[in-house]
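Working through the structure, step by step
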Amino acid sequence: MHEMAIAEGILDIALDYARKNEAKRIIKAALLVGEMAGVESESLAFCWSALVKGTIAEGASLAVTRVPLRGRCVACGRERLVARYNFICPDCGGTLEIISGRELRVDYLEME
Ligand SMILES: [Zn+2]
């Protein structure tokens with residue numbers, strides 16, 4: 001499952017970070033997930049809670065911040081939100097290039 005692999009990746013980063021900082025417990029992992037990253041929050045939360053059992057991240061919450069899909073027109077240079085995956089610039093008919101909305105990364109971690 002896609003979400004399981006993502007949850008494993010997050011936990012790896014968190015455990016590694018905890019080790020380097022001699023943290024005893026991971027409290028929270030915050031993620032930035034683009035609208036187009038193809039991640040299902042509920043499924044990810046489920047995988048996360050299963051995965052952290054027995055680790056220092058057990059009980060840690062997973063906060064997901066969705067990043068909206070934004071594009072920049074290659075013709076007129078305007079930036080705008082992309083609605084309904086319509087990548088045509090409403091001003092000039094040019095093509096919108098994605099500038100955000102595909103990211104999937106750890107934003108910050110809380111530990112003690
Ligand atoms: Zn345009």
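Residues numbered from 1 in each chain as written. Predicted model: local features only at pLDDT ≥ 70, side-chain atom pairs only at ≥ 80, totals over all residues. Heavy atoms only, no water.

Focus: the environment of E97
- Along the polypeptide, E97 turns up in strand β5 (residues 96-100).
- Overall, the relative accessible area of 43% leaves E97 in the partly exposed class.
- For the pair E97 and A29, spaced 68 residues apart in the sequence, the C-alpha separation amounts to 30 Å.
- Residue contacts for E97: discarding those within four places in its chain leaves R70, G71, R72 and V74. (Helix = DSSP H or I, 4+ residues; strand = E, 2+ residues; numbered from the N terminus. Buried < 20%, exposed > 50% of the residue type's maximum accessible area, 1.4 Å probe, protein only. Contact = heavy atoms within 4.5 Å.)

Examining the coordination of the zinc ion
- Around the zinc ion, the donor atoms from the protein are C73 (SG), C76 (SG), C89 (SG) and C92 (SG), and they sit 2.3 Å away.
- Here the zinc ion binds four donor atoms, and the angle range of 99 to 119° at the metal identifies the geometry as tetrahedral.
- In the primary structure, the donors to the zinc ion are separated according to the pattern C-x2-C-x12-C-x2-C. (Donors = N, O, S within 2.8 Å, 3.2 Å for Na, K, Ca; no water. Tetrahedral: all angles 85-135°; square planar, octahedral: opposite > 155°, others 65-115°.)

Some words on the nonpolar core
- Judged by nonpolar contacts, the single largest core of 21 residues is most densely connected at I10, L44, W48 and L62.
- Those elements that place two or more of their residues in this core are α1 (2-20), β1 (26-34) and α2 (41-51).
- Ranked by the residues each element gives to this core, the list is headed by α1, at six residues.
- Those residues within four positions of L44 in sequence are excluded, and the remaining contacts are E3, I6, A7, I10, L31, V39, L62 and V64.
- Core analysis: the second largest hydrophobic core is formed by five residues, C73, V82, C89 and L96 among them. (Core = buried A, V, L, I, M, F, W, Y, C linked by side-chain atoms within 4.5 Å.)

Considering the sheet that holds β1
- With mixed pairing, three strands are arranged side by side in an open sheet as β2-β1-β6. Looking at strand neighbours, the two that pair on one side only are β2 (61-67) and β6 (104-111), the edges of this open sheet. Ignoring which end each strand starts from, the neighbouring axes of this sheet average 20° apart.
- Pairing analysis gives seven bridges linking β1 to β6, with the strands arranged antiparallel. Following the sheet pairing, A29 is matched in β6 by L109.
- Those strands touched by α1 are β1, β2 and β6, and its axis lies near 40° from that of β6.
- Lying on the sheet, α2 is in contact with β1 and β2; it crosses β2 at an angle near 155°. (Pairing = 2+ DSSP bridges. Axes fitted to C-alpha atoms, helices over the stretch in contact; angles between N-to-C directions.)

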